[in-house]
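Structure at a glance
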Amino acid sequence: MLVTGKQILDHANENGYAVGAFNVNNMEIVQAIINAAEETQSPVILQASQGALKYAGVEYISAMVKVAADNASVPVALHLDHGTDFKQIMLCLRNGFTSVMIDASKHSLDENIKITKDIVDIAHAVGVSVEAELGKIGGTEDDITVAEKDATMTDPDEAAKFVESTGLDYLAIAVGTAHGPYKGEPKLDFDRIKTIKERLNIPLVLHGSSGVPEESIKKAVANGINKINIDTDIRMSFNKGVRDFANENPDVYDPRKLLGPGREAAQAVIAEKMNMFGSAGKAWR
Ligand code: G3H
Ligand code: 13P
Ligand code: ZN
């Protein structure tokens, strides 16, 4: 069942758990996520980055997720991850996305407010939910790279002004995580999450969540995180599944036999995350 991102995240916020937002790039990953959601009876968000849309095509991504959602017994949302391009966001709205992220976090607060509010007004007019970001999350995704020294934590006062002025539905905050693999252990600012949650009481989003230890994830959820973005851990598990199989079976050239083990490996990791985030068993009908 396809629902909006807001429906999924308001339920998570009201009931004190987090939902995984898992990045999709191809059919096998869509299936790995949906299978894990069915297995754990978890509401789920499938998200595509601008790079994923460039690779697979917005129509393919949206058609695959729509089929998956229509056949699923759990609530599913289709979300644009880190949208920076007005035209591409409009294309997602036309293609049935039920949630979009406008990421204008590299701009000044006033500029971020202006860009975000334009998207909120348009998306809300057609019933689509909006995520926006304040603060600078370290690492690279698509065309945005933030060096560690330039990553800046989200300021609670600015967050209040940002939410009030834009009318966004859920807020991505910078609290110590970074996109991509970690070199050391990430140190999260749990007090900052709690303060922002107490001020705003809206769903909060954690990016760069692959590789964050279970204990930190659980504490982040307890302090107010409701959407947890995972990409790198899917890539790594998929890659390992495919490579291990290919190394053990060097003569196999059937793509189904090669990619199937990647799908299975990713599904196992995704199901583990759903249990960790507290979304398992929270699906409604
Ligand atoms: O945070 C974003 C995701 O990891 C997307 O990565 O732009 O390489 O698809 P990508
Ligand atoms: P990771 O690749 O670090 O899991 O980050 C995913 C993300 O934040 C997508 O927006
Ligand atoms: Zn991200």
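Residues numbered from 1 in each chain as written. Chains lettered and ligands numbered in written order. Predicted model: local features only at pLDDT ≥ 70, side-chain atom pairs only at ≥ 80, totals over all residues. Heavy atoms only, no water.

Across its full length, the protein chain carries 11 helices and 10 strands. The globule rule puts the C-alpha radius of gyration for 285 residues at 19 Å, and the 18 Å found for the protein chain is close to it. Principal axes of the C-alpha set define a box for the protein chain whose edges measure 60 × 40 × 35 Å. When burial is assessed residue by residue, the protein chain has 55% of its 285 residues classed as buried. Taking all contacts inside the protein chain whose residues are at least 6 apart in sequence as the whole, residues at least 24 apart take part in 73%. Total accessible area on the protein chain stands at roughly 12700 Å², and carbon and sulfur atoms take up 51% of it. (Helix = DSSP H or I, 4+ residues; strand = E, 2+ residues; numbered from the N terminus. Rg over C-alpha atoms; globule rule 2.2 N^0.38 Å. Buried < 20%, exposed > 50% of the residue type's maximum accessible area, 1.4 Å probe, protein only. Contact = heavy atoms within 4.5 Å. Areas by Shrake-Rupley, 256 points an atom, 1.4 Å probe, with all protein chains shown as cover.)

A side chain with one charge may pair with a side chain of the opposite charge, provided their charged atoms come close. Using the criterion set out here, one finds 13 salt bridges in the structure. For Glu 214, the salt bridge is made with Lys 218, and the minimal N-O distance between the two is 2.7 Å. Of this pair, Glu 214 and Lys 218 both sit in helix H9 (residues 214–222), separated by 4 residues, roughly a single helical turn. The exposure class assigned to Glu 214 is partly exposed, which follows from its relative accessible area of 40%. Take Lys 218: its relative accessible area is 42%, and that puts it in the partly exposed class. (Salt bridge = Lys/Arg side-chain N within 4 Å of Asp/Glu carboxyl O.)

So, on to the packing of helix H10 (residues 232–248) against helix H11 (residues 255–277). With their axes 7 Å apart at the nearest point, H10 and H11 run at an angle of 145° to one another. By crossing handedness, the relation of H10 to H11 is classed as right-handed. Between H10 and H11, the residues in contact are Asp 233, Ile 234, Ser 237, Phe 238, Gly 241, Val 242, Phe 245 and Ala 246 and Lys 257, Leu 258, Leu 259, Pro 261, Gly 262, Arg 263, Ala 265, Ala 266, Val 269, Ile 270 and Lys 273, respectively. The class makeup of the residues in the contact of H10 with H11 is 12 nonpolar, 3 polar and 4 charged. (Axes fitted to C-alpha atoms, helices over the stretch in contact; angles between N-to-C directions. Left-handed = near helix turned anticlockwise from the far one by under 90°. Nonpolar A, V, L, I, M, F, W, Y, C, P; charged D, E, K, R; others polar.)

With respect to spatial proximity, 15 residues lie near ligand 2, and among them Asp 81, Gly 208, Ser 210, Asp 231 and Thr 232 are the closest. The separation between an oxygen atom of ligand 2 and a polar side-chain atom of His 207 is 3.1 Å. Here ligand 2, which alone exposes 310 Å², has 96% of that area covered by the protein. Residue assignment for the shell around ligand 2 shows that the elements contributing at least two residues are strand S3 (76–83) and strand S10 (225–230). (Near = heavy atom within 4 Å. Polar contact = N/O pair within 3.5 Å; in protein donor to acceptor, adjacent residues only side chain to side chain.)

What follows covers the sheet that holds S3. In any sheet, the strands associate via hydrogen bonds between backbone groups, in a parallel or an antiparallel arrangement. On the basis of which strands lie adjacent, the closed barrel formed by 8 strands has the order S1-S2-S3-S4-S5-S8-S9-S10 and parallel pairing. Averaged over all pairs of adjacent strands, the angle between strand axes in this sheet comes to 25°, irrespective of strand direction. Note that strand S1 (residues 19–23) and S10 share 4 bridges and pair parallel. Bridge pairing in S10 links Gly 20 to Ile 228. The sheet contacts of helix H2 (residues 27–40) involve S1, strand S2 (44–49) and S3, and relative to S2 the element is tilted by about 165°. (Pairing = 2+ DSSP bridges.)

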